[in-house]
Protein chains: 2
Amino acid sequence: MIIDGLQYNNWNRALFEQARAENLTAIHVTVSYWENAEETEANIRQWNRWFDEHDDLILPVLNGADLERAASSQRTGIILGFQNCSPIEDDYRGVERMHSLGARIMQLSYNNQSLLATGCYEEHDGGVTRFGREVIREMNRLGMIIDMSHSAEESTLQAIKYSNRPIVISHANPSSFHSALRNKSDRVLDALAAEGGLLGCSLYPFHLPGGADCSRALFCQMLCRLVDRLGIEHVGLGSDLCLGWGYDKLAWMRNGRWAKTTDHGEDDSGTPAWPDQPPWFSGLAGFREIDEGLVQEGMSRGEIDRIMGLNWQAFLDEGLAPEAA
Amino acid sequence: MIIDGLQYNNWNRALFEQARAENLTAIHVTVSYWENAEETEANIRQWNRWFDEHDDLILPVLNGADLERAASSQRTGIILGFQNCSPIEDDYRGVERMHSLGARIMQLSYNNQSLLATGCYEEHDGGVTRFGREVIREMNRLGMIIDMSHSAEESTLQAIKYSNRPIVISHANPSSFHSALRNKSDRVLDALAAEGGLLGCSLYPFHLPGGADCSRALFCQMLCRLVDRLGIEHVGLGSDLCLGWGYDKLAWMRNGRWAKTTDHGEDDSGTPAWPDQPPWFSGLAGFREIDEGLVQEGMSRGEIDRIMGLNWQAFLDEGLAPEAA
């Protein structure tokens, strides 16, 4: 079972077929970066069309049972998620509304300050806000998973503290592996794991030492060290694959509607383009590479299986259940 | 000339007549607390209807010349303003859009964390955000005045620093007069005045020592001390009068759509009701009381006139002009 903790692709049937060919049981896909409620609903409607049109290949994942269904029917389960809280706008009721539409994972902030928490590119980190605490309670209640991938350090520590259920960092790497505003300190990773959380390790070039030059072995060695530090059950994958988009989509991700002055995030190349992926992870076939890489590092089959998908399965199975009354 | 730096009343013709009877040249009125773009536009449309229906009593103020027009035609100028940045939503272009609709003053945050800055009721203050700096530039460019009445300390200091034009705190008092999360430290007031800003002193009970029991003399003595500390040109009035509303409106102001758990702000009475005003300032006739109170404190007519309105006039005349190209 392979579960990928994040992808944002320009989806089409060929990609769904690839996901099947690579035996992906589930993928957490992004339906909002800066999209507001109305725009997010339009994106979800698009997914609902795809669920109908390609129901031989994909199905929506609303709970742990759907993951089992995906596996047993040899299809790829799709977990709809938000990289920001913009879909709920200023309304705590938006959590329930978006949950009812099928969303199951939400980041509390995306790079910038949101109404809930601070993003990793802000100069100062005010932590989880008053509204943020209300929303965390709602997410806990409904079984919508809190994701702090693009949030700032103190905000992430507070989210772990305020949430009464484990949270996820769906796509990031340890700062000790590569220093980047998007990667996570040992302090955050230790707190995440101590409270039952999960880290999905990222293949996005800006999260890797050397970017596209990062070797498969280097990446797999990082996974091994992470298992040693956090414990096997807290380590998974979140590839952050972004296939098939033009630059306009990257500009949207980086600048939304908020930046009059173009912002390039952590890309200091001055080139307005998507960064190159490592050649061994340029698409969905890359998961096989990681599996092989971990074998080469001497990891056991049982541990590899957990990293490739079983940890995500266990986390989702528990995390997507509504809170016990 | 009397100019009031903030009122939020349940407006009707009788109130406009009172404003005339009390010789109010201009009032900064609130058209948004938590209202988004669409809701704010509806509120502005309502004002545009009133501008037509009551054009013998009121007129919109878009610039300093309109203040002169209000004075010379013996009408009350209305300055449309927002107590929060919710009307621009997540879009820097919202500043120009709202400016084109007639809005001239905007607070960067209202009690809570906003996308631009932190509010005074948050536990932590992250300062002005990345989006906030973009918006400050837009407001500076267009001549929309930055108001930090409900913002937190560090955010306010940063707004003063990042803005290349003077800002206002339209309705608050010094913390040294009454300790409250909504009142302002000497550090903030000194920085405000040093950069040419203006403080509108508030008559809202939670901003006064003893609430409704605060005497006229005590309030006027505070104004005198403030003149000594900041200089006469930085002191005005911003009554924060809220006439004619039921509790539902107060609940909206305090809780918006963000609070599932009812929040009472700085009201620890446990009573879901509007606080009582001081008897000497329970309505628009209160401005005469302040004038008389300042006379009793021995303030000169010239200084009293500045506090009652001329300082606001000078500030608005400069602040509402678009930035020189």
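Let's talk about the relation of the copies chain B and chain A
Superposing chain B onto chain A takes a rotation of 180° plus a shift of 0.0 Å along the axis, which leaves an RMSD of 0.0 Å. Classification of the inter-copy transformation places it as that of a two-fold axis. Among all residues of chain B, the minimum C-alpha distance to the rotation axis is found for Gly-126 of chain B, at 2.1 Å. The overlap is high: 100% of the interface residues of chain B also sit at the interface in chain A, so the same surface is used on both sides.

Topic: the interface of chain B and chain A
In this assembly, 31 residues from chain B lie in contact with 31 residues from chain A. Contact with chain A buries area across many residues of chain B, yet Arg-130, Trp-258 and Lys-260 of chain B alone supply 27% of it, more than any other trio. Inspection of the chain B/chain A interface yields six salt bridges. In this assembly, chain B and chain A are joined by 14 residue pairs in polar contact (both at pLDDT 80 or more). Secondary structure elements with two or more residues in the side of chain B that touches chain A: α5 (130–142) and α6 (153–162) of chain B. When residues of the side of chain B that touches chain A are assigned to their parent elements, the largest contribution, seven residues, is made by α5 of chain B. Split into classes, the residues belonging to the side of chain B that touches chain A amount to eight nonpolar, nine polar and 14 charged.

Regarding the nonpolar core
Counting 90 residues, the largest nonpolar core has Trp-47, Phe-219, Leu-223 and Ile-290 of chain B as the members making the most contacts within it. Here the element with the most residues in this core is helix α8 (residues 216–230) of chain B; it accounts for eight residues. Contacts of Leu-223 of chain B, omitting those with residues within four sequence positions, involve Cys-201, Val-235, Leu-237, Ile-290, Leu-294 and Ile-307 of chain B. The next biggest cluster of nonpolar side chains, apart from the first, holds 89 residues, and it includes Leu-142, Ile-146 and Leu-203 of chain A together with Trp-258 of chain B.

As for the packing of helix α6 (residues 153–162) of chain A against helix α7 (residues 186–194) of chain A
Residue and element names in this part refer to chain A. With their axes 10 Å apart at the nearest point, α6 and α7 run at an angle of 10° to one another. Accordingly, the angle class assigned to the pair α6 and α7 is roughly parallel. In the crossing of α6 with α7, the sense of the turn from one axis to the other is left-handed. Only Arg-187, Val-188, Ala-191 and Leu-192 of α7 make contact with α6, whose side of the interface consists of Glu-153, Glu-154, Thr-156, Leu-157 and Ile-160. Looking at the contact of α6 with α7, its residues break down into five nonpolar, one polar and three charged.

Some details on the pattern of salt bridges
On inspection of all chains with the given rule, the structure shows 42 salt bridges over all chains. Linking Asp-90 of chain A and Arg-257 of chain B is a salt bridge whose minimum nitrogen-to-oxygen distance equals 3.0 Å. With Asp-90 of chain A in the loop between β4 (76–82) and α4 (93–100) and Arg-257 of chain B in the loop between α9 (247–255) and α10 (286–296), this residue pair bridges two chains. A single burial state applies to Asp-90 of chain A and to Arg-257 of chain B, both of which are buried. For Arg-141 of chain B, the salt bridge is made with Glu-138 of chain B, and the minimal N-O distance between the two is 3.1 Å. One end of the pair is Arg-141 of chain B and the other is Glu-138 of chain B, both in helix α5 and three residues apart, which spans about a single turn. The class of Glu-138 of chain B is buried, set by a relative accessible area of 3%.

Some remarks on helix α10 (residues 286–296) of chain A
All names here are of chain A. Residues of α10 that are buried include every one of Gly-286, Phe-287, Ile-290, Asp-291, Gly-293 and Leu-294, and no others. Within α10, the buried residues cover an arc of 160° as seen down the axis, which keeps them to one side. Against the buried residues of α10 lie β1 (2–7), β2 (24–32), α8 (216–230), β9 (235–237) and α11 (301–319). Just downstream of α10 lies Gly-298, where phi reads positive at about 90°.

Description of the pairing of β1 of chain A
All names here are of chain A. Counting buried positions along β1 yields six of six residues, so the element is predominantly enclosed. Of the pairings in the sheet, the one linking β1 to β2 comprises four bridges and is parallel in character. Note on β2: the bridge partner recorded for Gln-7 is Val-29. Note that the unit made of β1, helix α1 (residues 13–21) and β2 has a crossover that is right-handed.

The rules we used
Residues numbered from 1 in each chain as written. Chains lettered and ligands numbered in written order. Predicted model: local features only at pLDDT ≥ 70, side-chain atom pairs only at ≥ 80, totals over all residues. Heavy atoms only, no water. Least-squares fit on C-alpha atoms with pLDDT ≥ 70 in both. Contact = heavy atoms within 4.5 Å. Buried area = accessible area lost by both parts, 1.4 Å probe. Salt bridge = Lys/Arg side-chain N within 4 Å of Asp/Glu carboxyl O. Polar contact = N/O pair within 3.5 Å; in protein donor to acceptor, adjacent residues only side chain to side chain. Helix = DSSP H or I, 4+ residues; strand = E, 2+ residues; numbered from the N terminus. Nonpolar A, V, L, I, M, F, W, Y, C, P; charged D, E, K, R; others polar. Core = buried A, V, L, I, M, F, W, Y, C linked by side-chain atoms within 4.5 Å. Buried < 20%, exposed > 50% of the residue type's maximum accessible area, 1.4 Å probe, protein only. Axes fitted to C-alpha atoms, helices over the stretch in contact; angles between N-to-C directions. Parallel < 35°, antiparallel > 145°, perpendicular 65-115°, else oblique. Left-handed = near helix turned anticlockwise from the far one by under 90°. Arc of directions from axis to C-beta. Pairing = 2+ DSSP bridges. Right-handed = clockwise from strand over helix to strand, strands pointing away.

Any functional reading would require information that these geometric values do not contain.
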